[in-house]
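# Results of the structural survey
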Amino acid sequence: MTVSRSQSDALSELDGGARLRVRIAGLSAALAVAVMVLFGGHLLRQPLFDAFQTVAPAPDVSRRVHVVVIDADSLRDVGGWPWTRFYLARLVEQIADRGAAVIGFDMLFPEPDRLAPSEFTSLYSELPPAVAQEIRDLPSMDAVFARVIGRNPVVLARAGVTRESFDLTEGAGPPLPPEAQFSGAVPADLLTYPAVVTNIPLLDGAPLGHGLVNGERDADGLVRRVPLLARAAGHVTPGFAVELVRAAEGADRIELETRAGRLEAVKIGRRRAPAGPDGQLLLRFGDWRTTQTTSAVDVLRQGQRPDQFKDQIVLIGLAAAGTSDVTSTPRAKAIYGVYVQAQAVDSILRGTALRRPGWAAPVEWGLGLALALLSLFGVPRAPMGPVIVGAAVEIALALGASWLAFQNNLLLDPFPMLLPGAANSAVMVALLFVEGRRVQARLRGALEDERLTAARISGELAAASEIQSGMLLPRADLPRISPAVEIDAVLQSAKTVGGDLYDAFPFDDGRVCFLVGDVTGKGVPASLFMALSKALSRSLLMRPNTSLSAAVAEINAELSRDNRQAMAVSLLVGVLHPADGRLDLCCAGHENPLVVDAAGTVRELQLDGGPPLCVAEDFPYPEEVHRLAPGETLITFTDGLSEAQAPDGSLFRREQVLAALGAASKAPTLGGLVDELVRQVRAFEAGGEPSDDLTVMAVRLRPTAG
C-alpha cells in the first residue's frame, strides 16, 4: 500500500506550461459544449419545461369560459355525427338565449347538410313529381343555420392548409377575408398557410368572425402552442381563441406589438397576449378535466337555468370516442382539441401564457460565460471539496431560477448557464488529477530515493532488515504451531526492508490465531511501523476474554495514538477453531481472503470489514464468521500479489490470481502450494522490480486420524 501527499500540494508543483495546457483544454471543452447547447439545447430544455408543466400546472380554467361538448350521450340521444344543421341551430339559440357573450364552433362545415331537401328527393326517385318539387322548395337546414348564426354572436372556424396537405386543391376560390382588423407592422416570420379550409359559402358569410383552429405540432408530436394569428390564403387571420376574445370584448381591431421586426405580443382590447416570432401562443397547461363543461344534449333539453351561459365565452366541440379532434399535450396524452382552445382563451383573458422574454438569452449566456471564466481560473487553485460544493450550488441556483421564472410564466433556460462551465470544470479536474498524479509520482520517487540513500549510507537498512527478520516467525516453525492446524507463509520485501507482516500463535483452548498485514509505503519507515504493529497486535490479541473485534479496535486505537507520520496498516486477523472449522475473521482494509478446495475450486470470502487501521480511530470493526471445511485451504495475501505488474505495466488480474491459486493447489504440500503461487507471481513480473512487498499465508485443518 502507498500514501501520497494531498492533491492540492501536488498541484502546487505544476509548472506554468501544465496549468496553461489544462486551461486550454477546459476552455475548448466549454466552447464545444456551448455550440452543442446553442444548436441542440431544445433536446434538454423542452423536457425540463414539460416537467415544470406537470409539477406546476396553470390554474383551472376560469368560469368565464364554458365548453359545450357533443359527447357520447349527445350522439346516443340526438343521433350520429354529423348532425343535421337544424340541431346545431337549436343549440346556438339555446346557448345565446342563456346569455352567452360569444359562441365558437371548434369544427368546420365544409359540406352541405346531408339532410338537405334536394339530397332527400334524390334518394327517393319514386316520389311523385309534384311532391318532390314541394320538398325541394322547402328551405334547407343550412339556410336556417345561417340565419341563426347571423342573428347571434357566433365565430366559425377555419383550418390552414400546408402545401403538403391533401386538402390543398387547385382552382379553389379565395375565401372571404376575416372580419378582424389589424394594426401595427405584420412580421415576416408569421406562420403561413397557402390555403384554408372554410365552411360552405352559405355559412361562411354569416358569422361575427372567423378564426384558425389549427397550428403546428412540435417535432415530438405534442401541441404546446396555438396560433394567435397567421397568414392564411393571403390574409392575416386571427387564431380561433383570439377571435373569440375579440368578439367577447367587442373590439374591432387587434394590435400587433413588434420590436426589430419580431412579433412580441398581441393586444385585443384590454387583453395582451405574449407571442412568439411566428405568431403562436405558448400555453401553460392546466388540468383540462376541471374546465366548465356541459353536454350538448343537456343544452337542448328543457329545464336549464336561463342564465347558464351569462357573459361566458362558449366553445362547442366534439368530445366522443372515435372523433378525430384528439391531440396530445405535455400534460395529457389524449385531450380533445376544444379543451386546448378553451385553455388558450383563458390564457389570453388572464395573462397566464408562457413567454420567453428578449433579455432571457443574453442573461443566460452572460451568466454561463461568467461561470465558465470563474471555473477556468478558480478550479486550478481551489481544493476539490470547494469545487464540488460550488458546482452543486451553481446547479441548484440555475435550476431554482428557472423554476421560479416558470412560476411567473417566464421561460429561462438553465443549460447555457450550467453546461459550458461544467464541461470546463470537468475537463480541468480530470487533467489536473492526471497532472497531479504525475507530480505525486515524481515527488514520491524522489522522496523514496532520498530515504533509501540515507539509509544505505548510515547502515539503517541492514539493521532494519535484521530486526524485521528476527521479529517474524521462521517459516520452519509455522507447521509446529498447532497439531490440528497446518500453516505456511512467505514474506518477500520489494526493497531491503518492507512493511508487510504476518504472525500465528495458538490459544490455550486449541484455537489458532493468524494475521497478515501491510503498512503503507515501503522501506525503513514502513518496517519500523510494521514492527510496532506486529508486537502490538500479538500482545492485544493474546489477552484473555477479549473478543476479536474488541482486540482489533484496541490495536487501531493504540496505533493511531501519536501517529504523526500518518502511517496506516491494513490487517486481516483470523481465529480458526479446529474442532468444527469455524473461522472468525476481522478485516481492516485488507484484501479479502480466498479459499481453495482439494479439487482446485477457488472462492472469495466476502468481508464487510472497515478501513485500514489509523484511518478512523473509533471505527467498530465487525467480527465475521465463516467456516473452513476439511480439505479446504485459506489463502490470505498482501497487494504485492494482487497488484503485481508485468514489464508492460499490466496488472496481475483477479482471474489470473484465481487461476494461479487453482493450479498451485495441486501441490502435494502446503508449503509447495505457497511456493508455487509465489513462483507464478514472479514469473508474471518476468524479472521486473516488484511493485510492492509480497506476503502469502496458507492455513488449513490437518486431516484427522482414523
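Here goes a summary of the coordinates provided.

How each quantity is defined
Residues numbered from 1 in each chain as written. Predicted model: local features only at pLDDT ≥ 70, side-chain atom pairs only at ≥ 80, totals over all residues. Heavy atoms only, no water. Helix = DSSP H or I, 4+ residues; strand = E, 2+ residues; numbered from the N terminus. Phe/Tyr/Trp six-rings, centres within 6.5 Å; stacked < 30°, edge-to-face > 60°. Buried < 20%, exposed > 50% of the residue type's maximum accessible area, 1.4 Å probe, protein only. Pairing = 2+ DSSP bridges. Axes fitted to C-alpha atoms, helices over the stretch in contact; angles between N-to-C directions. Contact = heavy atoms within 4.5 Å.

### Some points on unusual backbone geometry
The phi angle of most residues is negative, glycine excepted, and most peptide bonds adopt the trans form. Here the residue pair Trp-81 and Pro-82 is connected by a cis peptide bond, since its omega of 5° sits within 30 degrees of zero. On the secondary structure map, Pro-82 appears in the loop between α4 (72-78) and α5 (85-97). In this structure, Asp-311 takes a positive phi of about 60° despite not being glycine. With a phi angle near 55°, Ala-566 is a residue other than glycine that sits in the positive phi range.

### Brief notes about the packing of aromatic side chains
Counted by the stated rule, this structure contains 13 aromatic pairs. Measuring from centroid to centroid gives 6.0 Å for Trp-81 and Trp-83, while their planes differ by 55°, and the two rings are tilted. Judged by its relative accessible area of 31%, Trp-81 falls in the partly exposed class. For the pair Phe-105 and Phe-109, a centre-to-centre distance of 5.6 Å together with 75° between the ring planes defines the contact as edge-to-face. Assigned by exposure class, Phe-105 and Phe-109 land together as buried. Three or more aromatic residues joined by ring pairs form one cluster here, namely Phe-49, Phe-52, Trp-403 and Phe-406.

### Observations concerning the sheet that holds strand β28 (residues 694-701)
Strands sit in the order β19-β28-β27-β24-β25 across an open sheet of five strands; the sheet is antiparallel. This sheet does not close on itself; its edge strands, each paired only once, are β19 (485-492) and β25 (602-604). On average, adjacent strands in this sheet sit at an angle of 20° to one another, irrespective of strand direction. Both β19 and β28 contribute to a ladder of eight bridges, which runs antiparallel. Residue pairing across strands places Glu-486 opposite Arg-700, the latter belonging to β28. Packing of helix α21 (residues 670-685) onto the sheet brings it into contact with β19, β27 (633-637) and β28, and relative to β19 it is tilted by some 25°.

### Focus on the sheet that holds strand β11 (residues 253-259)
Ordered by their spatial adjacency, four strands build an open sheet running β4-β11-β12-β13, and the pairing between neighbours is mixed. Only two strands of the sheet have a single neighbouring strand rather than two, namely β4 (181-183) and β13 (271-274). Strand after strand, the sheet turns through a mean of 25° between neighbouring axes, direction not considered. Sheet topology note: the β11/strand β12 (residues 262-268) ladder contains six bridges and is antiparallel. Of the residues in β12, the one forming a bridge with Glu-255 is Lys-267.

### A few points about the environment of Ser-549
Relative to the elements of secondary structure, Ser-549 occurs in helix α18 (residues 548-560). Once the C-alpha coordinates of Ser-549 and Gly-337 are considered, the two residues, 212 residues apart in sequence, prove to be 70 Å apart. For Ser-549, the contacting residues outside a window of four places in its chain are Cys-586, Tyr-621, Pro-622 and Glu-623.

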